[in-house]
Amino acid sequence: MNILVIGPGAIGSLWAIKLQQSGHQVAVFGRHTAPHYQCQLGESIYTFANHQVDDIRHADLILVTVKAWQVASALERLTPQINPDTIIMLMHNGMGSLDTIGALLQTNPVLLATTTHGAFKPAPSQLIHTGQGETLIGAANAQGGRCQFLRDVFDHALPTVHWHPQIEHALWHKLAVNCVINPLTAIRQCPNGTLAHPEYQARITRLIAEVSAVMTAEKIPFQLAQLTAHIYQVIAATSENLSSMHQDVSHRRKTEIDFITGYLIRRAKKHDIAVPENEALYQHIKTLEQSWESLI
Ligand code: PAF
């Protein structure tokens, strides 16, 4: 397939390399306009065409791995070149990016994906695959529902990949994880594992109770005990990791808070559910973001 990866950050580069290794024609569209992008993984260096308008036009599949808040602006700029049949797959933390793209991509098959692979770029052209994971993909519209073959394409490139018949459900479970881990670790500037300390337990219990109330109102199937256990498992499995929001805050970059806790709060409002513990974390992160925006 002709595949274009928009946003060759850590996860985007990982997929670009793995899809190229499995025989696809892969190009990228990054922030920089150099005609090529090179990335080293292990001993090998991989080269991709970058920023070429023809690669947008000829793409069978566009994998969008920019942050949730960048999806609308990235697609707005490129939509005039995107073929109406090209499959679009969004893979990022958080939810609600589709609400921001309005009338764009009316005809395209659209898919959503979530992955637990760990990847890290210690330098702009160097990638470390820090942890094996699992990827779930599913349809965001009726046309996307006809693209189940992509499970095999992606699984061949980087296993394990599952097709999820209701990807929204999986994304809500991931949102619950991110609502707990990301803002707390960003505010405390601690690794994920610190949240296992007893001092965080009461707060985490309240956060999970609020998320659960909204998930129930959204009719997302889950069990509170399992969801809680899952969140603590992720804390344990990623105990040494610095969460993505921790890294954004320490580098004074815009965070994904509007698409993680912000999305939860927007859904809670719809159902008239109070989520004060999440509101407090949201305000704290927004205040941090504004404090460095005002320094620029
Ligand atoms: O955003 C992140 O950092 C990750 O989604 C997670 C699971 C919290 C692990 O650090």
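Keep in mind the model is a prediction, meaning the values are calculated, not measured. (Residues numbered from 1 in each chain as written. Predicted model: local features only at pLDDT ≥ 70, side-chain atom pairs only at ≥ 80, totals over all residues. Heavy atoms only, no water.)

Draft legend 1. Local environment of the overall build of the protein. The helix and strand tally for the protein stands at 10 helices and 11 strands. What you see for the protein is a C-alpha radius of gyration of 19 Å, in line with the 19 Å of a compact globule of 296 residues. Of all 296 residues assigned to the protein, the portion counted as buried reaches 50%. Within the protein, counting contacts between residues at least 6 apart in sequence, those at least 24 apart form 66% of the total. Accessible area of the protein: about 13,900 Å², with a carbon and sulfur share of 52%. (Helix = DSSP H or I, 4+ residues; strand = E, 2+ residues; numbered from the N terminus. Rg over C-alpha atoms; globule rule 2.2 N^0.38 Å. Buried < 20%, exposed > 50% of the residue type's maximum accessible area, 1.4 Å probe, protein only. Contact = heavy atoms within 4.5 Å. Areas by Shrake-Rupley, 256 points an atom, 1.4 Å probe, with all protein chains shown as cover.)

Draft legend 2. Layout of the UniProt feature "domain: Ketopantoate reductase C-terminal" (unreviewed entry) in the protein. Sequence positions flagged by UniProt for "domain: Ketopantoate reductase C-terminal" (unreviewed entry) are, in local numbering, residues 167-289. Each end of residues 167-289 is marked by a C-alpha atom, and these two atoms are 30 Å apart; helix forms 68% of the span and strand 0%. (UniProt positions renumbered as here; feature names shortened; annotations may be inferred.)

Draft legend 3. Up close: the environment of Q81. In this structure, Q81 sits in the loop between helix 3 (71-78) and strand 6 (87-91). Between the C-alpha atoms of Q81 and D54, which are 27 residues apart in sequence, the distance is 8.4 Å. Leave out the neighbours within four places in its chain, and Q81 touches V53, I56 and R57.

Draft legend 4. Spatial organisation of the sheet that holds strand 3 (residues 36-41). Across the sheet, which stays open at both edges, the 4 strands sit in the order 4-3-9-8 with mixed pairing between neighbours. The open sheet terminates on both sides in strands that have one partner only, identified here as strand 4 (44-49) and strand 8 (118-123). Pairs of neighbouring strands in the sheet enclose a mean axial angle of 30°, with direction left out of account. Pairing of strand 3 with strand 4 involves 6 bridges; the strand directions are antiparallel. The residue bridging L41 from the neighbouring strand is S44, located in strand 4. Packing against the sheet, helix 1 (residues 10-21) makes contact with strand 3, strand 4, strand 8 and strand 9 (126-131), and its axis sits at approximately 95° to strand 4. (Pairing = 2+ DSSP bridges. Axes fitted to C-alpha atoms, helices over the stretch in contact; angles between N-to-C directions.)

Draft legend 5. Molecular detail of the packing of aromatic side chains. One pass over the full model with this rule turns up 3 aromatic pairs. Ring centres of W15 and F154 lie 4.9 Å apart, and the angle between their planes is 50°; on these two criteria the pair is classed as tilted. Taken as a pair, W15 in helix 1 and F154 in helix 4 (residues 150-157) lie far apart in primary sequence, 139 residues in all. The pair formed by W15 and F154 is uniform in burial state, with each residue classed as buried. (Phe/Tyr/Trp six-rings, centres within 6.5 Å; stacked < 30°, edge-to-face > 60°.)

Draft legend 6. Molecular detail of the environment of H51. By the element assignment, H51 lies in the loop between strand 4 and helix 2 (53-57). Residues H51 and P159, 108 residues apart in the sequence, show an inter-C-alpha distance of 28 Å. Setting aside chain neighbours within four positions, we find H51 in contact with V28, F29, G30, R31, H32, T33 and A34. There is a polar contact of 3.1 Å between the side chain of H51 and the backbone oxygen of G30. (Polar contact = N/O pair within 3.5 Å; in protein donor to acceptor, adjacent residues only side chain to side chain.)

Draft legend 7. View of unusual backbone geometry. A cis geometry characterises the amide bond from P159 onward to T160, with omega recorded as -5°. As for its position among the elements, T160 is in the loop between helix 4 and strand 11 (161-163). Of note in this structure, R252 is not a glycine but carries a positive phi near 55°. We classify R252 as exposed; its relative accessible area is 52%.

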